[in-house]
Amino acid sequence: MLDVLIAFTAIGLDAELCKFNVKHFRAVKELRTVQPY
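The structure displayed is predicted, hence computed values, not measured ones. (Residues numbered from 1 in each chain as written. Predicted model: local features only at pLDDT ≥ 70, side-chain atom pairs only at ≥ 80, totals over all residues. Heavy atoms only, no water.)

A. Representation of the pattern of salt bridges in the model. Counting across every chain of the model gives one salt bridge. Residue aspartate 14 is joined to arginine 32 by a salt bridge in which the shortest nitrogen-to-oxygen separation is 3.3 Å. With aspartate 14 in the loop between helix H1 (2-12) and strand E1 (16-18) and arginine 32 in strand E2 (residues 32-34), this pair connects stretches of sequence that are 18 residues apart. Judged by relative accessible area, which is 58%, aspartate 14 ranks as exposed. On the basis of relative accessible area, arginine 32 is assigned to the partly exposed category, the value being 38%. (Salt bridge = Lys/Arg side-chain N within 4 Å of Asp/Glu carboxyl O. Helix = DSSP H or I, 4+ residues; strand = E, 2+ residues; numbered from the N terminus. Buried < 20%, exposed > 50% of the residue type's maximum accessible area, 1.4 Å probe, protein only.)

Here is the structure:
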């Protein structure tokens, strides 16, 4: 549930989400994710 809140906050701010584990966020198509390294 917390991942959903994080994802939609990033979408609302039109920001990229920087996380090491992006597999939880692949279901959200509008979300741009970036792995730090």
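B. Looking closely at the packing of aromatic side chains. Enumeration according to the criterion identifies one aromatic pair in this entry. Seen in terms of ring centroids, phenylalanine 20 and tyrosine 37 are 5.2 Å apart; in terms of plane orientation they differ by 65°. Their pairing is edge-to-face. Taken together, the residues span a long stretch of sequence, with phenylalanine 20 in the loop between E1 and E2 and tyrosine 37 in the segment after E2 at a distance of 17 residues. Each member of the pair, phenylalanine 20 as well as tyrosine 37, carries the same accessibility label: exposed. (Phe/Tyr/Trp six-rings, centres within 6.5 Å; stacked < 30°, edge-to-face > 60°.)

C. Examining a nonpolar patch on the surface more closely. A surface patch of nonpolar side chains, amounting to about 290 Å² of accessible area, comprises Leu2, Leu5 and Ile6. Tracing the backbone shows leucine 5 in helix H1. (Patch = residues over 30% accessible without salt bridge, like charges linked within 9 Å, V, L, I, M, F, W, Y side chains within 5 Å. Areas by Shrake-Rupley, 256 points an atom, 1.4 Å probe, with all protein chains shown as cover.)

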